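Tertiary structure, described
Each chain is listed here by its residues.
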Amino acid sequence: MNTANFIPNILEYSLEKATYKWQTPSNIALVKYWGKSNPQIPKNASISFTLNNCHTTTQIEFVKIEPTKTPLFELFFEGKKKDDFKPKIATFFDRIKDYCPYLLQYKMVIHSENSFPHSSGIASSASGMSAIAMCLINLEKDLTANTNEDYLKQKASFLSRLGSGSASRSIEGPLVVWGKHDEIEGSSDLYGVKFPYEIAPIFKDFQDTILLVDKGEKQVSSTVGHNLMIGHPYAENRFKQANDNLSILSKILQEGTIEEFIKLVESEALTLHAMMLTSHPYFILMKPKTLEIINEIWMYRAATKSNVCFTLDAGANVHLLYPKKEKEAINLFIQEKLLRYCQNNQSINDYSGLGGSKI
Ligand code: DP6
């Protein structure tokens, strides 16, 4: 599949006005994407659990206008005009306008809101960009005769990727791979694909409790972060390691070897942070409380033989991952030992979900 396949044929129908509303989730990577080349091509393949409760809901009203040279839009976030988010979305529209020529024929009014608290340190670009992409794909579906759901999902992921790489993994669920990988059938650098193999029961309905350690603005934007891998002394080995880890994780997910899962997932999280610790400029994105939580998890696991483990994003919050059957015990552990390290004792309970849905 090459990019030309995503340029639509003639628009069969004409619509003066249309409104679509979509909800798409955030996701949490198990093998991390960190390092990319133009245009939004990952240096290694990654895999994530799609979340269920952490999502963005976006409505776009399209009103037909005389064709313009650049996409015209207004943006409201949680009911208020939000001009400071506009440049990122303008760049997104600019990158995708060749694949969505109808963008230049409509004025768009975008209303967006997140289910999770704003500036909770949870990356909203994955859910935000994928929700916009789903609205555009819905318009495309109504303007063209193309009703091939597989193609439309693939294109939605392709467009999302051009907004934010990790957003390509938010269209479907529960597990999505993005990035070409020899052992994952159908995988591509251009879009995410559902993990194509049957997973062991222990990984079904996997739980993710997000411990909100630091709700501040991101210290390093993802653009700056990915750029730190250019010329990084460990970059090439890291990219190879991530692809090797995906091979190993693919087997783990199918075979249900949870002890191996824990080792691989925690190592991936710490490696992501190791890349930041060893870049120029260097960053420490964990906070003392992040480390306290990690220690608590390790002590709890040693004492109880629980299968809980952690992963991290490019920030201080901790994602606690565990099988559904341990939910009750882990909730108790969170209440008793972990909430004290969270800002305002806040956490968010989530679990693996199935991707976007129309509202
Ligand atoms: C650490 O997808 O936010 O969360 O493509 O520049 O928008 P851009 O980056 P982004 O990077 C996500 C990095 C990560 C790891 C991951 O989700 O795989």
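Procedures and definitions
Residues numbered from 1 in each chain as written. Predicted model: local features only at pLDDT ≥ 70, side-chain atom pairs only at ≥ 80, totals over all residues. Heavy atoms only, no water. Near = heavy atom within 4 Å. Polar contact = N/O pair within 3.5 Å; in protein donor to acceptor, adjacent residues only side chain to side chain. Areas by Shrake-Rupley, 256 points an atom, 1.4 Å probe, with all protein chains shown as cover. Nonpolar A, V, L, I, M, F, W, Y, C, P; charged D, E, K, R; others polar. Domains from an automatic or database assignment. Helix = DSSP H or I, 4+ residues; strand = E, 2+ residues; numbered from the N terminus. Buried < 20%, exposed > 50% of the residue type's maximum accessible area, 1.4 Å probe, protein only. Contact = heavy atoms within 4.5 Å. Core = buried A, V, L, I, M, F, W, Y, C linked by side-chain atoms within 4.5 Å. Axes fitted to C-alpha atoms, helices over the stretch in contact; angles between N-to-C directions. Parallel < 35°, antiparallel > 145°, perpendicular 65-115°, else oblique. Left-handed = near helix turned anticlockwise from the far one by under 90°. Phe/Tyr/Trp six-rings, centres within 6.5 Å; stacked < 30°, edge-to-face > 60°. Lys NZ or Arg CZ within 6 Å of the ring centre and 35° of its normal. Arc of directions from axis to C-beta. Buried area = accessible area lost by both parts, 1.4 Å probe. Salt bridge = Lys/Arg side-chain N within 4 Å of Asp/Glu carboxyl O.

For the ligand, the set of nearby residues contains 16 residues, the closest of which are Tyr 33, Lys 36, Ser 164, Gly 165 and Ser 166. Within the side chain of Asp 313, a nitrogen or oxygen atom sits 3.4 Å from an oxygen atom of the ligand. Summarising the interface, the protein chains cover 95% of the accessible area of the ligand, which totals 460 Å² for the free molecule. Within the shell around the ligand, the residues separate by chemical class into five nonpolar, seven polar and four charged. Each of domain 1 (3-197) and domain 2 (201-351) accounts for three or more of the residues forming the shell around the ligand.

Moving on, we come to the side chain of Glu 172. Note on placement: Glu 172 falls in the loop between helix H3 (149-163) and strand S8 (175-178). For Glu 172, a relative accessible area of 18% corresponds to the buried category. Apart from the residues within four sequence positions on either side, Glu 172 is in contact with Thr 50, Lys 153, Lys 194, Leu 354 and Gly 355.

Ile 47, Phe 93, Phe 203 and Phe 261 are the most contacted members of the largest nonpolar core, which has 75 residues in total. The dominant element in this core, judged by the number of residues it contributes, is helix H2 (residues 125-143), at ten residues. Each of domain 1 (3-197) and domain 2 (201-351) gives at least three residues to this core.

Where helix H6 (residues 258-277) contacts helix H7 (residues 288-304), the axes come no closer than 14 Å and their chain directions differ by 170 degrees. For the element pair H6 / H7, the angle class is roughly antiparallel. In the crossing of H6 with H7, the sense of the turn from one axis to the other is left-handed. Where H6 abuts H7, its residues Ile 262, Glu 266 and Leu 270 lie against Ile 294, Ile 297, Trp 298 and Arg 301. Of the residues in the contact of H6 with H7, the class split is five nonpolar, no polar and two charged.

As enumerated under the stated definition, the model contains 17 aromatic pairs in all. A ring pair is formed by Tyr 33 and Trp 178, whose centres lie 4.6 Å apart and whose planes are at 75 degrees; its orientation type is edge-to-face. Here Tyr 33 is found in the loop between strand S1 (17-31) and strand S2 (36-37), whereas its partner Trp 178 is found in strand S8, with 145 residues between them in sequence. Ring plane angle 15 degrees and centroid distance 5.4 Å describe the contact between Phe 49 and Phe 206, whose orientation is recorded as stacked. Placement of the pair is Phe 49 in strand S4 (residues 46-64) and Phe 206 in the loop between strand S9 (192-194) and strand S10 (207-211), with a sequence separation of 157 residues. On the basis of relative accessibility, which here comes to 2%, the residue Phe 49 falls in the buried class. Its relative accessible area of 2% is what places Phe 206 among the buried residues. What links up through ring pairs into an aromatic cluster is the set Phe 6, Tyr 99, Tyr 151, Phe 158 and Tyr 191. Sitting over the face of the ring of Phe 85, Lys 82 holds its NZ or CZ atom 5.1 Å from the ring centroid. Across the ring face of Phe 73, the terminal group of Lys 86 is positioned such that the distance to the ring centre comes to 5.0 Å.

If you check which residues of helix H8 (residues 327-338) are buried, you get Ile 330, Phe 333, Ile 334 and Leu 338. The buried side chains of H8 occupy one side of the element, clustering within an arc of 100 degrees when seen end-on. Exposed residues lying more than 90 degrees from the buried face of H8 are Glu 328, Leu 332, Gln 335 and Glu 336. Of the surrounding secondary structure, the elements contacted by the buried residues of H8 are S10, H7 and strand S12 (318-322).

A separate point is the domain arrangement of the protein chain. Looking at the assigned domains, one finds that the protein chain contains domain 1 (3-197) and domain 2 (201-351). Contact with domain 1, which involves 33 residues of that partner, is made by 44 residues of domain 2. Carbon and sulfur atoms supply 66% of the area that domain 1 and domain 2 bury against each other, a total of about 3300 Å² over both sides. Where domain 1 touches domain 2, the interface holds zero salt bridges. There are 14 residue pairs in polar contact (both at pLDDT 80 or more) connecting domain 1 and domain 2. Breaking the side of domain 1 that touches domain 2 down by element, the ones donating at least two residues are S1, S4 and S8. Looking at the side of domain 1 that touches domain 2 element by element, the count peaks at eight residues for S4. Along the lines of polarity and charge, the residues of the side of domain 1 that touches domain 2 split into 19 nonpolar, ten polar and four charged.

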